[in-house]
Structures are given as C-alpha cells and as structure tokens.
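Breakdown of the fold
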Amino acid sequence: MKMIRQKRSWTAAEVATALAMVQACGGSVEAASRECGVPVRTLYRWVAAPRARTGDSERRETARARMVEAALPNARAALADKLERVANRCFDAITPAKVRASNDIRALATSGAIAIDKMRLLREQPPPPTEAELKMADAVSQAAEAIVQMAAQAGRTISLDDARKQIWAIQLKHSEFTLVQAD
C-alpha cells in the first residue's frame, strides 16, 4: 500500500518565527531548521527570493508574503524575549554547588551566552565592544584631547569633535594605504 504524503501548510506566524530563527542563528538555515523543526529545504525556499508567478498563484504568494512580513517583527520580539528568559534561567542556575562541578557551570554559562548573542541579533543590538575596540576608543580620546591642548598652546582653537574627525581621517587614510600596499 502506497502512503500518500500530505503537503504541510505553514501559517504566516510560523514562517515569520522560522525566519527570525534564521536571523538568530546568524543566517545558518541548518541550525535554524534544527531549532524550529522546519525542514531545511523548506526553510531555504523561504529565505530565497520568491519565484516569479502569474495570476492567482502570484496574488496568493504576495498576500502571504505581506502577512509574513507583518508577522516578522512580532516573531523576532517573541523569540528574543524567550531567549532572554533562557539566558536568565541559565545564569540563575549557576549556584555555589554548581561552581564546584565545572562541567555544569560551563554548560550553563555557554548556553546563557549563546542565548544572549541570539537575543541581541534579533533585537538588532550591536555586540558589546571588544577590549581592543575599547582601548582604541580610549587612545582616540586621549589623542583628540592632546590635539586640542596643542592647538590652544599655539593660539588656535579646535573642538574636541573636530580633533576626533581628524584622527578618524588619518586612520581611514592609513587603512587604505595598508590595503593598497597589500595588493
């Protein structure tokens, strides 16, 4: 006896949630598929540009695309909130007893950190600055203040903002020079 396979119908909210999961997984369709249970091929099809259609089929697809587009912000927000709750549970579960069992604490900390990273992606928040970026920002501020002081000693006036812009222009020129040299 031959099994008849029925085509699964997905709601706009389910499609939006799956697409939000792709974003949360840094664009990895495979990882998002594992997380939300949508087949990889289906998810790739949703992520890809819609195919050209004609007539009723096109109108249905356009209406569905509008519904998905409308549901996407809510799906992102709901998924981000869920990930935030997961991260909080992970970090709340780190207790003094678990600290002694380093495998538990590592797993909880890693899970919490991953949930936070995905949450930030969904909320379109930039990642926190790295230590190198913080050091660079501090160096730029110190250099800008030095330029302002040197200008004042020479009887000239330059704003702190203009001094920063000059430093950024020098950095940009240097990075372009480095790129030209590398070729």
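Look a little higher up for the structure.
Residues numbered from 1 in each chain as written. Predicted model: local features only at pLDDT ≥ 70, side-chain atom pairs only at ≥ 80, totals over all residues. Heavy atoms only, no water.

**Description of the packing of helix α1 (residues 12-24) against helix α2 (residues 29-36)**
Selection rule: Axis geometry follows a simple rule: fit a line to the C-alpha atoms, using only the stretch in contact for helices, then measure angles between N-to-C directions, giving values from 0 to 180 degrees. Per the convention used, a helix needs a DSSP run of H or I reaching at least four residues, while a strand needs a run of E reaching at least two, with both numbered from the N terminus. Angle categories: roughly parallel below 35 degrees, roughly antiparallel above 145, roughly perpendicular from 65 to 115, and oblique for all the rest. Rotating anticlockwise by less than a right angle from the far helix to the near helix defines a left-handed crossing, while the corresponding clockwise rotation defines a right-handed one. Note on contacts: a residue pair is in contact if any heavy atoms of the two residues lie within 4.5 Å.
Two elements in contact, α1 and α2, have axes whose closest approach is 8 Å; the angle formed by their N-to-C orientations is 130°. Between α1 and α2, the interaxial angle falls into the category oblique. Both α1 and α2 take part in a crossing whose hand is right-handed. Where α1 approaches α2, its residues A18, M21 and V22 are matched on the opposing element by V29, A32, E35 and C36.

**Observations concerning the pattern of salt bridges**
Formally: The term salt bridge refers to a side-chain nitrogen of Lys or Arg lying within 4 Å of a carboxyl oxygen of Asp or Glu. A 1.4 Å probe rolled over the protein chains alone gives each residue an accessible area, and that area as a share of the maximum for its type sets the label: buried under 20%, exposed over 50%, partly exposed in between.
Taken as a whole, this structure holds three salt bridges when the rule is applied. Here E84 makes a salt bridge to R123, at a shortest N to O gap of 2.8 Å. Here E84, found in helix α4 (residues 55-92), pairs with R123, found in the loop between α6 (102-122) and α7 (131-153); they are 39 residues apart in sequence, far enough to count as distant. The class for E84 is partly exposed, based on a relative accessible area of 33%. Given the relative accessible area of 30%, R123 is considered partly exposed. It is possible to trace a salt-bridge network through shared partners that takes in D81, E84 and R123.

**Some remarks on the packing of α2 against helix α3 (residues 40-47)**
Across the interface, α2 lies against α3 with an axial gap of 9 Å and an inter-helix angle of 120°. Classified by the interaxial angle, the pair formed by α2 and α3 is oblique. Read as a crossing pair, α2 and α3 show a hand that is right-handed. In this structure, α2 uses V29, E30, A32 and S33 to contact α3, whose residues at the interface are V40, L43, Y44 and V47.

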